[in-house]
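Given next are the chains, with one letter for each unit.
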Amino acid sequence: MSARKKLIFPFLLPCLLLIGAFFILPAINTFVISFQNWDGTFRTTDWNGLQNYAKLLKDPTFVEAVKHTFQYFLISMILLFPLALLLAVCLQRIKKGRMLIQFCIFMPVTLSVVVAAILWKWYIYDPNMGMVNTVLRAIGLEAAAKAWLGDAKTAMTCVILMSTWHGLATWVIMLISGLDRIPPELMEAARIDGANEFRVFIRITLPLLWEVLSSLIVMCFIGCMQQFPVVFAMTQGGPHGATELMGTYLYKIAFEGRQFSYGSAMAIVMLLTILVASVIGNRVLKTDPIEY
């Protein structure tokens, strides 16, 4: 071992110990508990083998939660991808009022996601004093006013809109950083050759941004698989399970139902889903590096 590596190791040791104590050991413990029958008490646990995993496949609520989680991801992508890309491109070109627009976009990030969810629940979607119903009544569409989070048809969309509003700034920041890396000479050369703005965007901007976009897509998938605070603060998985996600159902099973072994099995399935989907996503979205 070189002298430099020997010098680095003492600085890494505290971090490695923390990661081991708070991430690796709990993960191993969760994996072991998933094969047992433990209710969170100190009594002796029984070894269940694969019964908890078999139970997952027969649990209709868990199957619906998986479907809702992937639905959450797909709708989030449909909203975030074009909107963030449009804002990033516009912000790079706007000179006057750019700081004000950036402030409005980045402001939600300063709020805790739980605080933001509660604000939207009471001041945007509340059936009595919420902004949506207030505007509808003001323009004569009182018949369209309803309990948006209490309707199974609209609850999921309402939750995703709030999540998109809160997470949009992260996408915009990363896309702007990607746009700043693109040499302006490439775009100028394309324009001189007769390419319009749309072709410049499709042929130059988008391919050179794809590395950033693919990373954002994978990050969005991981975030949606782990989503819990937004849904729990706004609907707690209701109405009638319409917004039940894997994260919220896991919480209810483990901490409200005290079925910690069953919840641990669910957590392991979530982890494996994230790992497998992330690996596949990285390979599918990966492109050959473009030198410029």
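Rules and cut-offs
Residues numbered from 1 in each chain as written. Predicted model: local features only at pLDDT ≥ 70, side-chain atom pairs only at ≥ 80, totals over all residues. Heavy atoms only, no water. Helix = DSSP H or I, 4+ residues; strand = E, 2+ residues; numbered from the N terminus. Buried < 20%, exposed > 50% of the residue type's maximum accessible area, 1.4 Å probe, protein only. Contact = heavy atoms within 4.5 Å. Areas by Shrake-Rupley, 256 points an atom, 1.4 Å probe, with all protein chains shown as cover. Lys, Arg positive; Asp, Glu negative; His and termini not counted. Charge placed at Lys NZ, Arg CZ, Asp CG, Glu CD. Polar contact = N/O pair within 3.5 Å; in protein donor to acceptor, adjacent residues only side chain to side chain. Core = buried A, V, L, I, M, F, W, Y, C linked by side-chain atoms within 4.5 Å. Axes fitted to C-alpha atoms, helices over the stretch in contact; angles between N-to-C directions. Left-handed = near helix turned anticlockwise from the far one by under 90°. Nonpolar A, V, L, I, M, F, W, Y, C, P; charged D, E, K, R; others polar.

## Thoughts on the overall build of the protein chain
Working step 1: Within the protein chain one finds 12 helices and two strands.
Working step 2: Element order for the protein chain, N to C, with α for helix and β for strand: α-β-β-α-α-α-α-α-α-α-α-α-α-α.
Working step 3: Dimensions along the principal axes, computed over C-alpha positions, put the protein chain at roughly 75 × 75 × 35 Å.
Working step 4: Across the 292 residues of the protein chain, 38% fall into the buried class.
Working step 5: Of the contacts formed within the protein chain by residues at least 6 apart in sequence, a portion of 67% connects residues at least 24 apart.
Working step 6: Per element, the accessible surface of the protein chain, about 17600 Å² overall, is 69% carbon and sulfur.
Working step 7: Across the protein chain, 23 positive and 17 negative side-chain charges occur, with their mean positions spaced 3 Å apart.

## Re the side chain of Gln 227
Working step 1: With respect to the secondary-structure elements, Gln 227 resides in the loop between helix H9 (197–225) and helix H10 (229–234).
Working step 2: Of note is the side chain of Gln 227, whose polar atom sits 3.4 Å from the backbone nitrogen of Val 230.
Working step 3: Residues in contact with Gln 227, not counting those within four places in the same chain, are Tyr 72, Ser 163, Leu 245, Gly 247 and Thr 248.

## Points about the nonpolar core
Working step 1: Ranked by size, the top nonpolar core spans 68 residues in total, and within it Tyr 72, Tyr 125, Trp 171, Leu 175, Met 234 and Met 266 carry the most contacts.
Working step 2: Tallying contributions element by element places H9 first for this core, with 13 residues.
Working step 3: Aside from chain neighbours lying at most four places away, what touches Leu 175 is Ala 84, Leu 85, Ala 88, Leu 209, Val 212, Leu 213 and Leu 216.

## Comments concerning the packing of helix H1 (residues 3–33) against helix H12 (residues 260–285)
Working step 1: Here H1 crosses H12 at 120°, and the two axes come no closer than 8 Å. Of the two possible hands of crossing, H1 and H12 adopt the one that is left-handed. The segment H1 lies against H12, with Thr 30, Phe 31 and Ile 33 engaging Phe 260, Ser 261, Ser 264, Ala 267 and Ile 268.
Working step 2: Grouping the amino acids of the contact of H1 with H12 by side-chain chemistry returns five nonpolar, three polar and no charged.

## Some thoughts on the environment of Val 132
Working step 1: Mapped onto the secondary structure, Val 132 falls in helix H6 (residues 131–138).
Working step 2: Placed 16 residues apart in sequence, Val 132 and Trp 148 show a C-alpha to C-alpha distance of 9.0 Å.
Working step 3: Not counting residues within four places of it along the chain, the set of residues in contact with Val 132 comprises Ile 124, Tyr 125 and Trp 148.

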